[in-house]
Amino acid sequence: MDDYQTEEESIEAVIGGNAYQHSRVNHWTTSVVEQCLSQLSKLGKPFKYIVTCIIMQKNGAGLQTASACFWDNNTDGSCAVRWENKSMYCIASVFGLAI
Amino acid sequence: MEEYNSGDEVVFSADEATSSVKECIEGVIGGTEYNQSRVNQWTASIVEHSLTHLVKQGRPFKYIVNCTIMQKSGAGLHTANSCYWDTATDGSCTVRWENRTMYCVVSVFAVAVPL
């Protein structure tokens, strides 16, 4: 799926090879969502997009996320990417709603 | 009889959604402690109840509700959202809730449906 690759590449480009750093993680989350969004809008499809990104430090804590959507099943959809390295997890989701 | 106050333009009301979501969260996890075997059920309940409340308002919107629950153990957590939509009609709201053992963050995104 195009979206999956777009998301994965954006995450890799922003935080690939970095260790969790409290002072930089704010900047990382915003970069990941902005990059994903600009790549998606470049595709030029008639969609509205919502991109969310969660970065969590690996510390043994439990994390659970869920989404529910009220939309048109025929035209709308979503895609979630899970990424991790030695010190953190990153979960990015894209929701696309047809115009 | 006109149901919407602002004529043709319907705008997402973040305040109403915020209070609605807060009630849902309280209803599901208020007074509980982080429990790994139940957290799956909790996130699903919160998103379902929130979504149901929003849809009941009968407004011409598509909704996405996102819920994250994290155990309090000193780990850092950051979330960010970015949206490509019509800023005149679409909107979002985020509710942060916590107790002694966990954090809960719920985001609601509302996208207007052309009538």
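To start, this report covers the structure provided alongside it. (Residues numbered from 1 in each chain as written. Chains lettered and ligands numbered in written order. Predicted model: local features only at pLDDT ≥ 70, side-chain atom pairs only at ≥ 80, totals over all residues. Heavy atoms only, no water.)

Moving on to the overall build of chain B. A count of helices and strands for chain B gives two helices and four strands. Based on the C-alpha atoms only, the size of chain B along its principal axes is roughly 50 × 30 × 20 Å. Considering chain B as a whole, with its 115 residues, one finds that 46% of them fall into the buried category. Of the contacts formed within chain B by residues at least 6 apart in sequence, a portion of 70% connects residues at least 24 apart. Split by element, the accessible area of chain B, about 6,000 Å² in all, is 45% carbon and sulfur. (Helix = DSSP H or I, 4+ residues; strand = E, 2+ residues; numbered from the N terminus. Buried < 20%, exposed > 50% of the residue type's maximum accessible area, 1.4 Å probe, protein only. Contact = heavy atoms within 4.5 Å. Areas by Shrake-Rupley, 256 points an atom, 1.4 Å probe, with all protein chains shown as cover.)

Time to look at the overall build of chain A. When helices and strands are counted, chain A shows two helices and four strands. Traced from its N-terminal end to its C-terminal end, chain A shows the element sequence α-α-β-β-β-β. The globule rule puts the C-alpha radius of gyration for 99 residues at 13 Å, and the 14 Å found for chain A is close to it. Overall, chain A is about 40 × 25 × 20 Å in size when its C-alpha atoms are taken along their principal axes. When the 99 residues of chain A are sorted by exposure, 45% land in the buried category. At a minimum sequence separation of 6, the contacts of chain A that also span at least 24 residues come to 66%. Chain A carries 7 positive and 10 negative side-chain charges, and their two centres are separated by 8 Å. (Rg over C-alpha atoms; globule rule 2.2 N^0.38 Å. Lys, Arg positive; Asp, Glu negative; His and termini not counted. Charge placed at Lys NZ, Arg CZ, Asp CG, Glu CD.)

Read from one edge to the other, the open sheet built from four strands follows the order β2(A)-β1(B)-β4(B)-β3(B), with strand pairing classed as antiparallel. Every other strand in the sheet has two partners, leaving β2 (63-70) of chain A together with β3 (91-98) of chain B as the edge strands with one partner each. Averaged over all neighbouring strand pairs, the angle between strand axes comes to 10 degrees, with direction disregarded. Relative to strand β1 (residues 61-71) of chain B, β2(A) runs antiparallel, the two sharing eight bridges. Bridge pairing in β1(B) places Ala68(A) opposite Val65(B). (Pairing = 2+ DSSP bridges. Axes fitted to C-alpha atoms, helices over the stretch in contact; angles between N-to-C directions.)

On to the sheet that holds strand β3 (residues 77-84) of chain A, then. Read from one edge of the open sheet, four strands run β3(A)-β4(A)-β1(A)-β2(B), paired in antiparallel fashion. At either end of the open sheet lies a strand with only one pairing partner, and these are β3 of chain A together with β2 (77-84) of chain B. Taking each pair of neighbouring strands and ignoring which way they run, the sheet shows an average axis angle of 10 degrees. Across eight bridges, the pairing between strand β1 (residues 47-57) of chain A and β2(B) is antiparallel. Opposite Val51(A), over in β2(B), you have Ser82(B) as the bridge partner. Across the face of the sheet, helix α2 (residues 22-42) of chain A comes into contact with β1 and β4 (88-98) of chain A together with β2 of chain B while running at roughly 155 degrees to β1(A).

Residue and element names in this part refer to chain B. In this model, helix α1 (residues 14-29) (16 residues) spans 22 Å end to end at C-alpha, consistent with the 22 Å of a helix rising 1.5 Å per residue. Residues of α1 that are buried: Ala17, Ser20, Val21, Cys24, Ile25, Val28 and Ile29. Considered in projection along α1, the buried side chains sweep an arc of 140 degrees and stay on one side of the axis. The outward face of α1, more than 90 degrees from its buried face, is lined by the exposed residues Asp15, Glu23 and Gly27. Elements that come into contact with the buried residues of α1 comprise α2 (39-56), β1, β3 and β4 (102-112). After α1 finishes, the residue Gly31 shows a positive phi value of roughly 80 degrees. (Expected span 1.5 Å × (residues − 1). Arc of directions from axis to C-beta.)

Read these as spatial facts, not as claims about activity.
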